[in-house]
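Descriptive analysis of the structure
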Number of protein chains: 2
Amino acid sequence: MIEGEVLTTIAEGSHVATESEKLVYFFSGPRSDGSQSLRNLLGGKGSALAEMSSLGIPVPPGFTITTNVCNSYYNLGKTYPERLDFEVRESLIEIEDLVGSRFGDSENPLLVSVRSGARVSMPGMMDTILNLGLNDVTVEGLAKQSGDARFAYDSYRRLVQMYGDVVLGVGKREDTDTDPYEELLEAKKHSRGVVNDTDLDAAALKELVGEYKELIRDRGGEFPEDPWVQLWGAIGSVFESWENPRAVFYRDQYGYPSSWGTAVNVQAMVFGNLGDDCATGVLFTRNPSTGERQLFGECLINAQGEDVVAGIRTPQPITAAESDSSGLLSLEEMMPEVYEELASACDRLERHFQDMQDIEFTVQQGKLWILQTRSGKRSGRAMLKIAVDLADEHLMTEREALMRLEPEQLEGLLHPVFEDGVDRHVIAKGLPASPGAAVGRVVFRPVDVVEASKRGESTILVRDETSPEDIEGMVDARGILTARGGMTSHAAVVARGMGKCCVVGSTQLQIDYTKRQFSTLEEGGESVTVREGDIISLDGSTGEVMLGDLALATSQFPPEFNRVMEWVDAARRMKVRANADTPEDAKRAREFGAEGIGLCRTEHMFFGSDRILAVRQMILSEGAEARRDALAKILPMQRDDFIGILRAMSPYPVTIRLLDPPLHEFLPNEAEEINEVAAALELPSAEVTRRVDLLREQNPMLGHRGVRLGVTSPEIYEVQVRAVIEGACELANEGVDVTPEIMIPLVGMPEELRLLRERAVNIAEQVMREQGIDIDYSIGTMIELPRACVIANQIAEHADFFSFGTNDLTQTTFGLSRDDANRFLPFYLEQHLLEVDPFVQVDREGVGGLIKLGIERGKSVREHLKIGVCGEHGGDPVSIEFFEQQGFDYISCSPYRVPIARLAAAQSTLKA
Amino acid sequence: MIEGEVLTTIAEGSHVATESEKLVYFFSGPRSDGSQSLRNLLGGKGSALAEMSSLGIPVPPGFTITTNVCNSYYNLGKTYPERLDFEVRESLIEIEDLVGSRFGDSENPLLVSVRSGARVSMPGMMDTILNLGLNDVTVEGLAKQSGDARFAYDSYRRLVQMYGDVVLGVGKREDTDTDPYEELLEAKKHSRGVVNDTDLDAAALKELVGEYKELIRDRGGEFPEDPWVQLWGAIGSVFESWENPRAVFYRDQYGYPSSWGTAVNVQAMVFGNLGDDCATGVLFTRNPSTGERQLFGECLINAQGEDVVAGIRTPQPITAAESDSSGLLSLEEMMPEVYEELASACDRLERHFQDMQDIEFTVQQGKLWILQTRSGKRSGRAMLKIAVDLADEHLMTEREALMRLEPEQLEGLLHPVFEDGVDRHVIAKGLPASPGAAVGRVVFRPVDVVEASKRGESTILVRDETSPEDIEGMVDARGILTARGGMTSHAAVVARGMGKCCVVGSTQLQIDYTKRQFSTLEEGGESVTVREGDIISLDGSTGEVMLGDLALATSQFPPEFNRVMEWVDAARRMKVRANADTPEDAKRAREFGAEGIGLCRTEHMFFGSDRILAVRQMILSEGAEARRDALAKILPMQRDDFIGILRAMSPYPVTIRLLDPPLHEFLPNEAEEINEVAAALELPSAEVTRRVDLLREQNPMLGHRGVRLGVTSPEIYEVQVRAVIEGACELANEGVDVTPEIMIPLVGMPEELRLLRERAVNIAEQVMREQGIDIDYSIGTMIELPRACVIANQIAEHADFFSFGTNDLTQTTFGLSRDDANRFLPFYLEQHLLEVDPFVQVDREGVGGLIKLGIERGKSVREHLKIGVCGEHGGDPVSIEFFEQQGFDYISCSPYRVPIARLAAAQSTLKA
């Protein structure tokens, strides 16, 4: 959200500081000059610190040098506006007054941190320098003041190291990639005979400071003793980092202008490790896993932030309630007043930012300081509960709560997942083709999966690749793993349709069908052999293959799901349909809220073992008559398929796509199957092999498929249309309300659709006469070729609806085969030649440009042309926003993504 | 030309005849009502007859019923305007007066023909009924009048047959496809014991008339004895035929409106077979083969038009000059007065129509009649000579002469062709992949071609398909024949580039490499086996494969070629370049007038036997270093290639496309080659095989190729750019003027081009520094993906030029693989789902729409962006007109098509 807001302000631009302009914004309590609304001027960090301070949250005092100073710095030959020095000194005095210590004071020195902060978070810039203000004199003051010489020298050592590295440029050697500071530290520990950094005493650390300074001097630098020189050095370093190559590259990638500049934040240091009245901790304002309204986090008494992360000591809980279960005392029990203050700050921050917060805090000598707050990451379950609770608590409206939801986070609620934190013994990786988690025994032959299933065993089907004849084994397996194929391989497409966990293209796998085993190389390089019957676990969301039986999290719809979905459906404009090929899929899709089927692929129906032989006979027969005979066997089965789907989805519309893939996809490869077909056709096997070979194509994606089959072999579509209309009539006679939509794929020329529509209408009319009943049906086309978009006006003359097939449209627009793209697309994404995978998120400029053109031209002929999408982008939230903007009537996606799509569609409507 | 003119008048529309409107236009000499300008009203035939008549050409008198009467007929419930009957009778009386005979007169009957004639020639309508006016009475009058009863009854028999078939609908039986009139005729000949129709005497023909009438009566019809009933029946039949299904289908295909209507022409019959003062003949006003200005044709004394065609008697020449060589008396000698009149008519017609005419004439009893004139078909050689002569004779301007030329007709002048009329023993057909004619001995192995070539033998290389390693054999062969592959297969592309005769995809061929023979099925179904060493002839323009040594026509540029090309180049706006990959091709292209190279494909350079091993090493190496080592071997060879081409084309620009095809195209398939590569890489053969397999792609057209290779394997393009610039610098240092243009293929994303351009510029700058000389070079891209057109503005930011790769743009826009399209594209063309093959003629609406968009958007960023085309459409005249309209700067085509492209470009400029 915040990124989006910021981007809308790009146009405002940025300025060089004027003579009268305020250059430094102080923050501490009500004395704060800034606020969140000054994000462009103060950067994200500076404006947030000011906002928290204004709210009365205890934030260590500090100040922010504006982004305009950064612009001045670059425009004025790397010098600062004259008044800056004065304003910085004024502000520092204010800090000194508030903290009660003085910068550079030998007795009671003020230490500060210096941080960069542009209007958006940006990698590549200088991050943080801590403990600034220490030198050989003030370190002794800190030691006395804190009563902890070791603490003081460790702080000093860290400053010299950070300053030497970041400001003076004395860091890692590029040639050897070794860190000279770490080398000196290791040597020191070795000479003192200790193992941990913490075992070094003050004297050793003091020696180390000297050695660090020596190192810097050897490399031509000099650590400045003067705290003011330190400060100006650090400020300059932040400004310099704005134009360093990594930051520039990052900005270029995102199109952020150099004129934004970065701010610099200077803030008093606080310490949680100055005694037992000190502490440090992190917490969430609600439970990030369940969403329960309770502080949830951990802290350590007398410790630094690092220590919590390092895990050397066991952290203590925040609340007394938690301490009951852990046996450890909680912050609430140990520092009840601080706890009260913290709880109250949490409440205020949550109300103010209207979201569950992730907070860092430090207690220094009994005084609470909040160092950071931000929206907290949470599970899908927690996301729903928090949204409903926040609305119920009137912290925000239902609509606002809805806009905060992250659609993708629903995914975890719908599919099984492995328990958090279980040990994953990963033996191979592949492409995450269909999400979910599956555990089962390895089986190589589909027929054995079916057998095992009958015995009640869970199995994972492992194949080089799958093909139509494996369909029944795929249905019965818990998960599918293949060694070859991409995200649109047979296994991937079929598994996604079934919502079944699937990992494809795991190229390390070497499968030996005869020995019934596969071997693979682990990450370490060791070879593992897995035999049939061994148990493996598959993670379809990460592509990981693991040895053994990983524990599955018990997943259940949280009660808030339905509540949220009510909001969603009330807000949403576009209809959400599902891509489903079977009555089972259709039923599941309805459970998830689908309002129709946007894509029913009839080819999957051709793969069943009861009909694949007839399909092959049909394809390999010569002459329309022989094909018609074979099709006659298929007709009643297809009719039953359609009856099942239309019934399951009644009264919603069901879009049935006529046969699309090239016919060779249905043909047998193995001798046994070829013989079977040869026998059925009464032909020699060699002749069948010859015909199979003749049908192969160089580029099947661009070959004899879709409407081209319909044109050249009219009998195929004839039988399919007949099956659809016969099925619909039968249901209508039973009183079932049906709305079939017949969809013709791959149309690129108006004449194709004109001809095929005419043929389909003739058959439909004939069937309705035969059956004595009229049903409502429509005929439309998939728009999945660039040409179809360009001449959409001509195509619309023959179409009741357009369904954009964005998968193929992306392939043809980019000239990019999804199956082959894995050789270079990952590289493109890594190198930022492409920001997102266009098969995941619709490419707005190229493919989107054609979609816009297609809609505009289509509607110029038919004002009320129905517009939908049935490519996989129909389930992607970012793409869904685009479809909303283009005025689509509906989107369609796989059943498991229907709730995600509903939420994303609602958010898009609200945004629009 | 005429079709084009007519189409511009579509908008005028047509009308129903008004009450006062003239319905019938008489024609005969200066008494003619019509003229050529009334084509829409009188149809093409009617207006031409009127025009000729007005000129004073002797045309048998007649009249035309207007197209508006046709419209009235349909709009008034198939009735005629009241006045029509009167006007027809009036006109017929005029004919009677002029001819001196009367319609239906028993002594001296007038006979007429009835013909249809719409504003454009249109199949499907009624054609002609002759001899109308004959019945049982008038036939006797004709017999007496002509003194030839056999002639009279044969004319009558033909009338009854035509009338029965066309007007009364008694024709072929649909069930048996037999012609009942022919059956009766055959039976009559059998019963009379004669063989030829002409052997039947008047009595037999009279019997036949009776039998024909009987047949018509049996089928429910009745031949009308009344000539007026005959006439109105025939007129009605013409109007009815306007809406018959074939005519309607044809109009729909071309978008001709039904409202155009057809005219009806009624004309007095003349006969050339009424005695020795009669004759009939056909002639061209100039020699259609050489263009010489002399009447050229043949005639028969006392004969009908049919007799000339039937070839029973040897025709006589027209001029005395010709008769010298043939020994036969000429028309000039036999009928000097008629000849004078004919020659004068020819001269008038030629001047009037400003073109060589193809004329039909008949002499009836010493009187000359011209029955038809039209522009005559001619050879390419004659076309040029006639154009130059007509301009020199001031019959037209040079510009007009230029516009009359047919660009495609130049093709025959450039390639060898077989002699006209040689007997073709066709044993197989394939796709005409590269035009020309070739004769040679069949050889199956490329290495044997090279050997035979050393011995001076001509060979035809016959392969299942060719691959890169066959290149040297292909160079040495006279022609190439493959059993597999399409118009863009390796063999086709390479052969076209070399201008070598090639036939591909001759699927009947079954090649047995071990037996060194192929077998095929002849058209009759008989199997032929051809052994190595047997001589075959290939016709690359028709795709025919013939047994034996067919005679080649000696072809030579006619002297008029250069003259015409001077006109062409003066008129032309667009530059014409050639697609050429070698210095030899570049030289040939220059000879044909190329002004640069628009596409130099560097992949063909990788195929040479001196480097293919290094190329394979490069591809199969792992890691950039190993690839660089292999590339280092290729660099000097590539540099030499570029030096050769740049020198041959100096000072014109040479566009060099960096490597485009997927790398697997270069990889070996055969064990021997795999072993060779394995040895060079010091790897086991199995590992090489594995790597080769890994590189295979599902859809290579949409795979890892073009700029995608450049992105992922930078070292390949680096070496290529270095080779180009090093070569260019070397030539520049010699004082040779060079203009290399580096072209990056398959760009779809601006970042691709930005990155690759940057890399290329870096190398170019570096090389120029090394060489101490600056050369002029530019960097641009092929626009061959729909996405590139849509976001052309972004791409143009990094491009000096756009070269539209219309081959791939057509493939991706249509989603159509050219290699696979032969399964359905012929069917589409046959069924008129597509009017033209989009790979031959650029698709104006779809692909053209994207091209327009690409130019518009590209120029919005770079006003002077250079625009070219390098797809094969660059050599197609119709496409060239489109490129002219879009403001292309240049077109590029194969060297042999350069003259055609120059002419077409000039015509397009003149039209624009």
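Scroll up to find the structure this text is about.
Residues numbered from 1 in each chain as written. Chains lettered and ligands numbered in written order. Predicted model: local features only at pLDDT ≥ 70, side-chain atom pairs only at ≥ 80, totals over all residues. Heavy atoms only, no water.

Description of the sheet that holds strand E32 (residues 866-869) of chain B
Residues and elements named next belong to chain B. An order of E26-E27-E28-E29-E30-E31-E32-E33 is seen for the eight strands of this closed barrel, with the pairing classed as parallel. Each strand axis lies, on average, 25 degrees off the axis of its neighbour in the sheet, ignoring direction. Summarising the sheet, strand E29 (residues 739-744) and strand E30 (residues 778-783) pair through four bridges and their orientation is parallel. Paired with Glu741 across the bridge in E30 is Ser778. (Pairing = 2+ DSSP bridges. Helix = DSSP H or I, 4+ residues; strand = E, 2+ residues; numbered from the N terminus. Axes fitted to C-alpha atoms, helices over the stretch in contact; angles between N-to-C directions.)

Description of the nonpolar core
Counting 265 residues, the largest nonpolar core has Ile725(A), Phe804(A), Ile725(B) and Phe804(B) as the members making the most contacts within it. Looking at this core element by element, the count peaks at 11 residues for helix H28 (residues 714-734) of chain B. Ignoring any residue separated from it by four or fewer positions in sequence, one finds Ile725(B) in contact with Ile742(B), Ala764(B), Val767(B), Met768(B), Ile775(B) and Tyr777(B). (Core = buried A, V, L, I, M, F, W, Y, C linked by side-chain atoms within 4.5 Å. Buried < 20%, exposed > 50% of the residue type's maximum accessible area, 1.4 Å probe, protein only. Contact = heavy atoms within 4.5 Å.)

A look at the interface of chain A and chain B
On the side of chain B, 45 residues touch chain A, which itself brings 46 residues to the contact. Contact between chain A and chain B buries roughly 4,300 Å² in total, counting both sides, with carbon and sulfur atoms accounting for 60%. Taken as a group, Leu702(A), Arg787(A) and Arg823(A) account for 16% of the area that chain A buries against chain B, more than any other trio of residues on that side. The interface formed by chain A and chain B holds four salt bridges in total. At the level of secondary structure, the elements contributing two or more residues to the side of chain A that touches chain B comprise helix H26 (685-695), helix H27 (707-712), helix H29 (750-771), helix H30 (786-790), helix H32 (806-814), helix H33 (825-830) and helix H34 (847-861) of chain A. (Buried area = accessible area lost by both parts, 1.4 Å probe. Salt bridge = Lys/Arg side-chain N within 4 Å of Asp/Glu carboxyl O.)

Details of the packing of helix H3 (residues 67-75) of chain A against helix H9 (residues 227-241) of chain A
Residue and element names in this part refer to chain A. As a packed pair, H3 and H9 sit with axes 10 Å apart at the nearest point and diverge in direction by 80 degrees. By the angle class used here, H3 and H9 are roughly perpendicular. Touching Val69, Cys70, Tyr73 and Tyr74 of H3 are Gly236, Phe239 and Glu240, all from H9. Residue composition of the contact of H3 with H9, by class: five nonpolar, one polar and one charged. (Parallel < 35°, antiparallel > 145°, perpendicular 65-115°, else oblique. Nonpolar A, V, L, I, M, F, W, Y, C, P; charged D, E, K, R; others polar.)

Some points on the packing of helix H6 (residues 149-166) of chain B against helix H8 (residues 202-218) of chain B
Residue and element names in this part refer to chain B. The N-to-C vectors of H6 and H8 enclose an angle of 15 degrees; their axes lie 8 Å apart at closest approach. Judged by the inter-axis angle, H6 sits roughly parallel to H8. Classified by chirality, the crossing of H8 by H6 is left-handed. Here Ala149, Arg150, Tyr153, Asp154, Tyr156, Arg157, Val160, Gln161 and Gly164 of H6 lie close against H8, whose contacting residues are Ala202, Leu205, Lys206, Leu208, Val209, Tyr212, Lys213 and Ile216. Looking at the contact of H6 with H8, its residues break down into 10 nonpolar, two polar and five charged. (Left-handed = near helix turned anticlockwise from the far one by under 90°.)

Topic: the relation of the copies chain A and chain B
For the pair chain A and chain B, the superposition axis carries a translation of 0.0 Å, the fit reaches an RMSD of 0.3 Å, and the rotation angle comes to 179 degrees. In short, the pair behaves as if placed about a two-fold rotation axis. Among all residues of chain A, the minimum C-alpha distance to the rotation axis is found for Asn699(A), at 2.1 Å. When the interface residues of chain A are mapped onto chain B, 98% of them again fall at the interface, so both copies present the same face. (Least-squares fit on C-alpha atoms with pLDDT ≥ 70 in both.)

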